[in-house]
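Structural characterization, general
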Amino acid sequence: MRTSSASGILLFIAAILAPLPCAAGEGLDGALWPSDALTKVLRSDRSGVGIDRVIHVAAARAEITSTQAVLQSRTNHSSVSASMTDLRHAAGDAVILASAVKLQWVRYIDVDRNTAGIPEDELEVKAPASIPDAFWEQPQIAVKADQAQPLWIEIHVPPAAKAGDYRGTLTVTSANESVEMPLELHVWDFEVPTDRHLSVINWWRFPGPGFENIEPYGQEYWDLLRRFCSFLVEHRQTDIQTSIGLIRETGDDQQGYSYDTSRLEHYAEAAFQAGIRQIHLHSVGTRTAEITDPGSRIEPVESSLRRLAAWERVVLRRNWPDRFLVSISDEPFIHHEESYAAMVDRVHKAAPHIRCIEAVEAEYLGALDVYVPKLSHLNLWYPRFQQVQSTGAELWFYTCCHPVGRYPNRFLDQSLLKVRVLHWINYLYDLDGYLHWGLNHFAAGDPYTQEALSEGLPLGDRAIAYPGTNGLLGSLRFSAMRDGLQDYEYLWVLENELSKIKQRVGKEAFWLDPRQRSLELCRRVVWSFYDYTRDPQVMFDTREAIAREIEQLTTEPLLVVQTSPPDGTVVPAGPRNIGVRGLVPPGAKVTLNGTPVTNIRPSGYFLQAHFMSANNPTIAVSVEYNGTRRTTERVFTLTD
């Protein structure tokens, strides 16, 4: 009895001392409200009146989805932390564990200038200001009164997660009270592919700032390399780079040379084990003068070419073909074209199984395997680069301290939408990859400062990931980049599902272009290399539309519709004759704007000419099959 009574007293005391939960969005002397993954929450932001106090997010299986919650307290708090419950399926028979949810407090960078060359209406904030970007490493932070403090939320949706709706609770806790907010996750019934369909690299310094005390090539070095690579793979980066100088050369021209490739082999093994796909080697050529000097030429670095030839033998011995690329000399200009093309031939002769890649400022560079023009040059010279693609070369693009103006880029004072839309451009133009020079090229000093991120360059151009205690830490911009790469995969999955349908149906699907529907949806967000929506909701809505169409392709009744011209086309009067073709289950009924379609083949293939009236730009096609009805629409813009 004494034990029982004592336990009761202890429980009573614990209950009194425990933080008191408050209603959703209230408590901690202020407010907690939901945000989204495309908002840079400024310190001065405030909760809107009457907003839904529930965090809503949607994701496919095997996706890392992002969102935010924002705390704004009326008083100072020396230590605030956050936690998440398990996410439980609405049917009660599935759960996503709380351990799959990563909570990171957002850290601010103080700036006293803006990026030059950006129109004021394209800036997220005008300096001087504090701009959110980095993540705090520690789980508890101090919160100042009357300042918005965002919490970045990432949910790693398991590959085996059951589709449908999940619900959990986010709790933010201070010393003696807490506040809760529901989180609702919808899991789409498809999976983001583990195989990444874009090649992506941000050049790094390894180990880089914050890890200067790591002994080169010791066990700690190799362990850190694996952690860095795993972090990059989690953000869907496929490639890394290193120096050809990791290969040690001894000897001379008279007695010959020998090579110790063990360091580069160890480097490659660690990277490949962590999920990195390709390694870029820098550089086997050099310029004879300044890059813009018309007399400048590209010449070989003979010792580097010898090392490359030695590495070719390792590539064959280790069965690593197509896993290494090499650059010759960064950003060759128009006057370098002939000397650069000659260097490409020398590289191919020395190392036939190592491809040449270059960030280029020129168009005619011989048999270069991977052209990487700057986004602005790709826009201006696109017809020429289409010819490059037609020869079998890969075509990527890069951004760096340029382009500016209204082009998308990843500068600190621009919106997160601009980071994310870069990879919608990849899909729109069928580009194979993306490159940026600055993963963690901080200038000297505290990395969490304007000048460390930006010295001599636009804001944030030097880095997009930050040094932590045991590895790299992310940022809003790096998460937005990963989210854009996942958006690309959504478009790829839709195209792939239509490809499988075309193959299954056979000859009566001869007309079906599996890429057309993904492009139609992609063009709701981005229209050219520099024209794109500035409205985050348009991107979110389009992403949801892509997900819903993927799901519908794998459920009954099947409804595939393709119009000629595509959805979204401007159609002048004249007449407006739209060709409509589609696939439905054999025996299904089809209507077009309410009128029955009679030209349906036994295979389910139907076709009809539709003469569009001047007052109705929409084509609505419906299918009825086994008591179920489904409708899809294509919308055009009508002009005189």
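Residues numbered from 1 in each chain as written. Predicted model: local features only at pLDDT ≥ 70, side-chain atom pairs only at ≥ 80, totals over all residues. Heavy atoms only, no water.

Time to look at the overall build of the chain. Helix and strand counts for the chain stand at 12 helices and 37 strands. For the chain, whose C-alpha radius of gyration is 28 Å, the value lies close to the compact-globule estimate of 26 Å for 640 residues. Projecting the C-alpha coordinates of the chain onto the three principal axes gives extents of approximately 90 × 80 × 50 Å. Within the span of the chain, comprising 640 residues, buried residues form 55% of the whole. Across the chain, the fraction of contacts at a sequence separation of at least 24, relative to all contacts at a separation of at least 6, is 73%. Carbon and sulfur atoms form 50% of the exposed surface of the chain, whose accessible area is close to 26900 Å². Here the chain contributes 61 positively and 79 negatively charged side chains, and the mean placements of these two sets differ by 4 Å. (Helix = DSSP H or I, 4+ residues; strand = E, 2+ residues; numbered from the N terminus. Rg over C-alpha atoms; globule rule 2.2 N^0.38 Å. Buried < 20%, exposed > 50% of the residue type's maximum accessible area, 1.4 Å probe, protein only. Contact = heavy atoms within 4.5 Å. Areas by Shrake-Rupley, 256 points an atom, 1.4 Å probe, with all protein chains shown as cover. Lys, Arg positive; Asp, Glu negative; His and termini not counted. Charge placed at Lys NZ, Arg CZ, Asp CG, Glu CD.)

Further remarks concern the nonpolar core. By size, the foremost hydrophobic cluster in this structure holds 117 residues, and its most contacted members are Trp-204, Tyr-267, Trp-311 and Phe-324. If one sorts the elements of this core by residue count, helix H10 (residues 476-505) sits on top with 12 residues. Discounting chain neighbours no more than four positions away, the residues touching Trp-204 are Leu-225, Phe-228, Cys-229, Leu-232, Ile-240, Gln-241, Tyr-267, Leu-439, Asn-440 and His-441. (Core = buried A, V, L, I, M, F, W, Y, C linked by side-chain atoms within 4.5 Å.)

So, on to the sheet that holds strand E33 (residues 595-596). Hydrogen bonds along the backbone pair up the strands of a sheet, which may run parallel or antiparallel. Taken in spatial order, the four strands line up as E33-E32-E35-E36 in an open sheet, and their pairing is antiparallel. A single partner strand is all that each edge strand has here, and the edge strands are E33 and strand E36 (628-635). By the bridge criterion, eight bridges tie strand E35 (residues 618-625) to E36 in an arrangement that is antiparallel. Directly across from Ile-619, in E36, lies its bridge partner Arg-634. (Pairing = 2+ DSSP bridges.)

Attention now moves to the packing of aromatic side chains. For the structure shown, the criterion picks out 28 aromatic pairs. Considering the side-chain rings of Phe-272 and Phe-324, the 5.8 Å spacing of their centres and the 65° angle between planes classify their relative orientation as edge-to-face. Note that Phe-272 is positioned in helix H3 (residues 262-273) and Phe-324 in strand E22 (residues 324-326), a separation of 52 residues in sequence. The burial state of Phe-272 is the same as that of Phe-324; both residues are buried. Here Trp-320 and Phe-324 contribute two aromatic rings whose centre-to-centre distance is 5.8 Å and whose plane-to-plane angle is 45°, an arrangement assigned as tilted. Neither Trp-320 nor Phe-324 differs from the other in exposure class; each is buried. Across the ring face of Tyr-532, the terminal group of Arg-534 is positioned such that the distance to the ring centre comes to 3.8 Å. (Phe/Tyr/Trp six-rings, centres within 6.5 Å; stacked < 30°, edge-to-face > 60°. Lys NZ or Arg CZ within 6 Å of the ring centre and 35° of its normal.)

Another aspect to go through is the pairing of strand E5 (residues 64-73). In regular strands, side chains alternate between the two faces of the sheet. With 10 of 10 residues buried, E5 lies mostly within the body of the structure. Burial of the side chains of E5 extends over both faces: Ile-64, Ser-66, Gln-68, Val-70 and Gln-72 are buried on one face and Thr-65, Thr-67, Ala-69, Leu-71 and Ser-73 on the other. With five bridges joining them, strand E3 (residues 30-34) and E5 adopt antiparallel strand pairing. Among the inter-strand pairings, Trp-33 is bridged to a residue of E5, identified as Val-70. Sheet topology note: the E5/strand E12 (residues 149-156) ladder contains eight bridges and is antiparallel. Within E12, the position partnered with Ser-66 by the bridge is Glu-154.

With 18 residues, helix H12 (residues 536-553) extends 26 Å from end C-alpha to end C-alpha; this agrees with the ideal 26 Å at 1.5 Å per step. Regarding H12, the residues found buried are Met-539, Thr-542, Arg-543, Ala-545, Ile-546, Ala-547, Glu-549, Ile-550, Glu-551 and Leu-553. Those residues of H12 that are buried are in contact with strand E4 (55-61), strand E14 (177-191), helix H8 (416-428), H10, helix H11 (516-522) and strand E29 (560-564). The backbone nitrogen of Gln-537 has a side-chain oxygen 2.9 Å away, supplied by the residue at the start of H12, namely Asp-535. (Expected span 1.5 Å × (residues − 1). Polar contact = N/O pair within 3.5 Å; in protein donor to acceptor, adjacent residues only side chain to side chain.)

Our focus in this paragraph is the side chain of Glu-520. Mapped onto the elements, Glu-520 comes out in helix H11. Residue classification places Glu-520 among the buried residues on the basis of a relative accessible area of 3%. Once residues within four sequence positions are removed from consideration, Glu-520 is found in contact with Thr-563, Pro-566, Asp-567 and Arg-634.

Quick look at the confidence of the model for the chain now. In this model, the chain carries a mean pLDDT of 94, and residues with pLDDT of at least 70 account for 96%. Per-residue pLDDT stays below 50 along residues 1-20; that stretch engages in seven contacts with residues further than four places along the chain or on separate chains. (pLDDT = per-residue confidence, 0-100.)

Going through the model one piece at a time under the given rule, you end up with 34 salt bridges. Ionic pairing is found between Lys-162 and Asp-93, a salt bridge with its closest N-O pair at 2.6 Å. Residue Lys-162 is found in the loop between E12 and strand E13 (164-173), and its partner Asp-93 is found in the loop between strand E7 (87-89) and strand E8 (95-96); the two are separated by 69 residues along the sequence. Given a relative accessible area of 52%, Asp-93 falls into the exposed group. The residue Arg-355 makes a salt bridge to Glu-394 at a minimum N-O spacing of 3.0 Å. Taken together, the residues span a long stretch of sequence, with Arg-355 in strand E23 (residues 355-360) and Glu-394 in strand E25 (residues 394-399) at a distance of 39 residues. Assessed through its relative accessible area of 18%, Arg-355 is described here as buried. Taken together, the shared-partner salt bridges connect Asp-121, Glu-122, Arg-406, Lys-418 and Arg-534 into one network. (Salt bridge = Lys/Arg side-chain N within 4 Å of Asp/Glu carboxyl O.)

Moving on, we get to the sheet that holds E23. Taken together, the eight strands give an open sheet; going across it, the order is E15-E26-E25-E24-E23-E22-E19-E16, and neighbouring strands pair in parallel fashion. In this open sheet, the two strands that pair with only one neighbour each are strand E15 (199-202) and strand E16 (239-243). The sheet shows a mean angle of 25° between the axes of neighbouring strands, direction not considered. Sheet analysis places E25 next to strand E26 (residues 433-436), joined by four bridges and oriented parallel. Bridged to Phe-397 within E26 is Tyr-434. With respect to the sheet, helix H5 (residues 337-350) is in contact with E22 and E23, its orientation differing from that of E23 by roughly 155°. (Axes fitted to C-alpha atoms, helices over the stretch in contact; angles between N-to-C directions.)

Generally, phi is negative for residues other than glycine and the peptide bonds are trans, each holding for most cases. Going from His-402 to Pro-403, the amide bond is cis rather than trans, its omega being 0°. With respect to the secondary-structure elements, Pro-403 resides in the loop between E25 and H8. Unusually for a residue other than glycine, Tyr-217 sits at a positive phi of about 70°. One can find Tyr-217 in the loop between E15 and helix H2 (219-234). In this structure, Asp-322 is a non-glycine residue whose phi angle is positive, near 65°. Positionally, Asp-322 belongs in the loop between helix H4 (302-317) and E22.

We now examine the packing of H4 against H5. Interhelical geometry of H4 versus H5 gives an angle of 35° and a closest axis separation of 9 Å. Here H4 contributes Glu-302, Leu-305, Leu-308, Ala-309 and Glu-312 to the contact with H5, which in turn contributes Met-343, Arg-346, Val-347 and Ala-350. Considering only residue class, the contact of H4 with H5 consists of six nonpolar, no polar and three charged. (Nonpolar A, V, L, I, M, F, W, Y, C, P; charged D, E, K, R; others polar.)

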